[in-house]
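Working through the structure, step by step
Now for the letters of each chain:
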Number of protein chains: 2
Amino acid sequence: MTGRVTVLTGGVGGAKLVLGLCHSMKAEDVTAIVNTGDDFTHHGLAISPDIDTLLYTLAGKANAAQGWGREGESWTFMQALRSLNGEDWFALGDGDLALHVLRTQRLGEGEALSSIVADFASAWRIAAKILPMSNDPVATRVQSDEGELEFQQYFVKRRCEPAVRAIRFEGAAFAKAAPGVIEALSDERSRAILIAPSNPFLSIDPILAIPSIRRALTETTVPVVAVSPLVGGAAVKGPTAKLMRELGLEVSATAVARHYGELLDGVLIDERDPPACLDVPNARADTLMNTIDDRKRVAHAALGLADSLRG
Amino acid sequence: MTGRVTVLTGGVGGAKLVLGLCHSMKAEDVTAIVNTGDDFTHHGLAISPDIDTLLYTLAGKANAAQGWGREGESWTFMQALRSLNGEDWFALGDGDLALHVLRTQRLGEGEALSSIVADFASAWRIAAKILPMSNDPVATRVQSDEGELEFQQYFVKRRCEPAVRAIRFEGAAFAKAAPGVIEALSDERSRAILIAPSNPFLSIDPILAIPSIRRALTETTVPVVAVSPLVGGAAVKGPTAKLMRELGLEVSATAVARHYGELLDGVLIDERDPPACLDVPNARADTLMNTIDDRKRVAHAALGLADSLRG
């Protein structure tokens, strides 16, 4: 067995776990497979919110208080944009624009997203591998009581207010996994494959909707462990609980584990959660991740559960 | 005769004259036909330096001390760009990016530059008309002792250091004047057509290289008056004097007037210039434009000369 750990992750919550792993083991042995279903084009710029949250978090540049974007960001661009009557519902920080402008330029020259992200990570001396789930476009679409909405229209512009009926991932069925993704998931000598405590429906499902990724997860003998995104039986932030209710699900770790179904070998749930009736091996820990010590603790607990499953 | 005045102009020096005109007459009667030979694509963004200098100057947003860009600009984008190893020889301010991002987006959607610029000017309540010389691409290329350079490579990256042998305007021969340009130049009831004290070779020649513009200037009966860019026999700033020497010309208002040749009906030269032997009607004034009063004075002097030529 090598020390390699691969994590499927969305943005904020997942990035905290990935950072915890990087502080708990050799960071170069950590591979994050990141949701790109939230990616979109705004003002002609190619924006990859979850990828960028990983970059900022692992480079120590994330704005912790705000929960997204860069520390020490400035907002002169948005002021000027407003003065020109530009659409301003999606906040683009001045420093954040550097990622978007360079990414857009290089994508336009035909470069793959995965290669661009690898360069960004290298420039910021990030040892962990950050892999977009795919270099092909996959777009999360939310079917709501206001009709079908693009993800950012639902998430940012409409602040998750519309009631969700279903979610689909346009392009996923034909998307190839990005280079390195299947290799990481198929490396039988890995220590664990983790599913981060990101939103299962909006952040993890797009990754699982790529056929080759789901197949690799189904076939691997490496323990697959999910960290439940619920803490004390509720979502830490974001629309997870509201979404689960709208989709007719119980807001519980049991429902999360059932959602992932046969892909899972184990689930880590919060110690404050109500007693659960789980048909998959599980462990409990304090899964709230405010400090770096919290993040290391959750990483340790998830890896400990995976190790115990290896038998 | 109407009060209409049309000005051919480059960036900084020319914008000062246009502002002086806007403070000396009804601003909505001023039409600026602006050089776009300096326009280029950088990091995938469509940048129009002279157009933007006009926008900033006429909107009262120009950085007077610096001579280019916006007042109160911030530079977070450039810091982030450098951290990602992005090319940083061309400075893109955070607020300045709003013009570039919106312009790039709208050009990409097929909109004409002239229509985009009109919207920007309207958003900033600029009463004067700002017209790009053309919506077609025209690119100034500098043939130098280091080979042929793109304009911004010569002007910004190489700081005008290479010795210039010749200048050409790629695309100009086939470029159409932007909507409104020929109409402005052909309005026989106009009071004057002015050539701003911009660099004749780098900022005015690209405009004159468009066949329909040159023809309209040749055919008009409206007085055409140039303001010499030389003050006290030297260039105020920029490479005008160095360039004239490299092109084998005397650094004098006489040489500037001869360069424009039969297009000119008169030339306004600085009162500190040495005695000149001019074969075109001329007047002298203090043409240095530091304050707004200076700019009004030069505008008055140029219009006075034009009025006197109407006979």
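Residues numbered from 1 in each chain as written. Chains lettered and ligands numbered in written order. Predicted model: local features only at pLDDT ≥ 70, side-chain atom pairs only at ≥ 80, totals over all residues.

1. A word on the relation of the copies chain A and chain B
Spelled out, the test is: Residues reaching a pLDDT of at least 70 in both copies supply the C-alpha atoms on which the copies are superposed by least squares. Here the contact rule is simple: place C-beta atoms from the backbone, and any two residues whose C-beta atoms are within 7 Å are in contact.
Superposing chain A onto chain B takes a rotation of 180 degrees plus a shift of 0.0 Å along the axis, which leaves an RMSD of 0.0 Å. What we have between these two chains is a two-fold relation. Residues of chain A ranked by C-alpha distance from the rotation axis are headed by Asp94 of chain A, positioned 2.8 Å from it. In this assembly the copies share their binding face: 100% of the residues contributing to the interface of chain A also contribute to that of chain B.

2. Describing the interface of chain A and chain B
To be explicit about the condition: Strands are runs of DSSP state E lasting at least two residues, helices are runs of H or I lasting at least four, and both sets are numbered from the N terminus onward. Think of it as three bins: nonpolar holds Ala, Val, Leu, Ile, Met, Phe, Trp, Tyr, Cys and Pro, charged holds Asp, Glu, Lys and Arg, and polar takes everything else, Gly as well.
With 26 residues of chain A at the interface, the matching set in chain B holds 26 residues. Of all the secondary structure elements, the ones that give two or more residues to the side of chain A that touches chain B are helix H3 (76–83), helix H4 (96–108) and helix H5 (113–123) of chain A. It is H4 of chain A that contributes the most residues to the side of chain A that touches chain B, 7 residues altogether. When the residues that make up the side of chain A that touches chain B are grouped by side-chain class, the tally is 12 nonpolar, 12 polar and 2 charged.

3. Examining the pairing of strand E5 (residues 129–132) of chain B
Residue and element names in this part refer to chain B. For clarity, the threshold we go by: Buried residues are those with 20 or more other C-beta atoms within 10 Å of their own C-beta, exposed residues have 12 or fewer, and partly exposed residues lie in between; C-beta atoms are placed from the backbone. Two strands qualify as a pair provided that DSSP identifies no fewer than 2 bridges between them.
Alternating positions in E5 separate into two faces, Lys129 and Leu131 on one and Ile130 and Pro132 on the other, with burial throughout. Relative to E5, strand E2 (residues 30–34) runs parallel, the two being bridged by 4 bridges. Bridging from a neighbouring strand, Thr31 pairs with Lys129 of E5.

4. Points about the sheet that holds strand E7 (residues 147–150) of chain A
Residues and elements named next belong to chain A. How we decide: All axes are obtained by fitting lines to C-alpha atoms, using only the stretch in contact for helices, and the reported angles, taken between N-to-C directions, cover 0 to 180 degrees.
With antiparallel pairing, the 3 strands of this open sheet are ordered in space as E7-E6-E8. Whereas interior strands pair on both sides, the edge strands pair on one side only; in this sheet they are E7 and strand E8 (164–170). For this sheet, the mean angle separating the axes of adjacent strands, direction not counted, is 25 degrees. Across 6 bridges, strand E6 (residues 139–144) lies against E8 in antiparallel orientation. Bridging from a neighbouring strand, Gln143 pairs with Ala166 of E8. Of the strands in this sheet, E6 and E8 are in contact with helix H8 (residues 200–208), which crosses E8 at around 25 degrees.

5. Some details on the nonpolar core
Note the following rule: The term nonpolar core refers to a set of buried Ala, Val, Leu, Ile, Met, Phe, Trp, Tyr and Cys residues connected through C-beta atoms within 7 Å.
One finds Val7, Val18, Ile130 and Ala302 of chain A together with Val18, Ile130 and Ala302 of chain B to be the most contacted residues of the largest nonpolar core, which totals 196 residues. When sequence neighbours within four positions are dropped, the list of residues in contact with Ile130 of chain B reads Ala32, Val34, Ile51, Leu54, Leu55, Val117 and Ala121 of chain B.

6. Considering the sheet that holds strand E6 (residues 139–144) of chain B
All names here are of chain B. Within the open sheet, the 3 strands sit side by side as E7-E6-E8. Their pairing is antiparallel. Across the chains shown, the open sheet's two edge strands, defined by having one partner strand only, are strand E7 (147–150) and strand E8 (164–170). Pairs of neighbouring strands in the sheet enclose a mean axial angle of 25 degrees, with direction left out of account.

7. A short note on the pairing of strand E10 (residues 224–227) of chain A
Residue and element names in this part refer to chain A. By the alternation rule, side chains of E10 split into Val224 and Ala226 and Val225 and Val227, which are all buried. In the sheet, E10 pairs with strand E13 (residues 266–270) via 3 bridges, with the strands oriented parallel. What sits directly across from Val227, in E13, is Leu268.

8. Describing the environment of Pro179 of chain A
Residues and elements named next belong to chain A. Within the secondary structure, Pro179 sits in the loop between E8 and helix H7 (181–186). Pro179 gets classed as partly exposed once you count the C-beta atoms within 10 Å, which come to 14. Linking Pro179 and Thr76, residues 103 residues apart in sequence, is a C-alpha distance of 37 Å.

9. Quick notes on the confidence of the model for chain A
Caution is warranted with low-pLDDT regions, since their predicted coordinates should not be read in detail. Let me state the cut-off plainly: You can read pLDDT as the predictor saying how much it trusts each residue, on a scale of 0 to 100.
Averaged over chain A, the pLDDT score is 95; the fraction of residues at 70 or greater is 100%. For this predicted complex, the interface confidence comes out at an ipTM of 0.93, alongside a pTM of 0.94.

10. Some remarks on unusual backbone geometry
Residues other than glycine seldom take positive phi values, yet His43 of chain A does so here, at roughly 50 degrees. Counting through the fold element by element, His43 of chain A comes out in the loop between strand E3 (40–42) and strand E4 (45–47).

11. Observations concerning helix H1 (residues 12–24) of chain B
All names here are of chain B. Heads up, the condition is: Each helix should span, by expectation, one fewer than its residue count multiplied by 1.5 Å.
Over its 13 residues, H1 runs 19 Å from end to end, which matches the ideal 18 Å to within 8%, given 1.5 Å per residue. Counting buried positions over the 13 residues of H1 gives 11, a clear majority of the element. All of the buried residues along H1 are Val12, Gly13, Gly14, Ala15, Lys16, Leu17, Val18, Leu19, Gly20, Leu21 and Cys22. Residues of H1 that are buried make contact with strand E1 (5–9), E2, helix H2 (49–58), helix H8 (200–208), strand E10 (224–227) and helix H12 (292–309).

12. Details of the environment of Thr6 of chain B
Residues and elements named next belong to chain B. With respect to the helices and strands, Thr6 occurs in strand E1. What makes Thr6 buried here is the crowd of 29 C-beta atoms within 10 Å. Counting along the chain gives 196 residues from Thr6 to Leu202, while the straight-line C-alpha distance between them is 19 Å. If we skip the residues at most four places from it in the chain, Thr6 touches Thr31, Ile33, Ala184, Leu185, Ser190 and Ile193.

13. Observations concerning the environment of Glu150 of chain A
Locating Glu150 of chain A in the fold gives a position in strand E7. Leave out the neighbours within four places in its chain, and Glu150 of chain A touches Phe40, Ala139 and Arg141 of chain A.

14. Some thoughts on helix H5 (residues 113–123) of chain B
Residue and element names in this part refer to chain B. Stated precisely, the cut-off is as follows: The directions considered for the arc run from the helix axis to the C-beta atoms.
Taken as a whole, H5 has its buried residues at Leu113, Ser114, Ile116, Val117, Phe120 and Ala121. An end-on view of H5 places all buried positions within 160 degrees of arc, on one side of the element. Of the exposed residues in H5, those oriented more than 90 degrees away from the buried face are Ser115 and Ser122. Buried residues belonging to H5 abut H2, helix H4 (96–108) and E5. Phi turns positive, to about 55 degrees, at Arg125, one or two residues after H5.

15. Focus on the packing of helix H1 (residues 12–24) of chain A against helix H12 (residues 292–309) of chain A
Residue and element names in this part refer to chain A. The condition is simple: Comment on the angle field: the value is read as roughly parallel under 35 degrees, roughly antiparallel over 145, roughly perpendicular from 65 to 115, and oblique elsewhere.
The interhelical angle for the contact between H1 and H12, taken along N-to-C directions, is 80 degrees, at an axis separation of 7 Å. As summarised for this structure, H1 and H12 are arranged roughly perpendicular, according to the angle between their axes. Residues Lys16, Leu17, Leu19, Gly20, Leu21, His23 and Ser24 of H1 form the contact with H12, whose participating residues are Ile292, Arg295, Lys296, Val298, Ala299 and His300.

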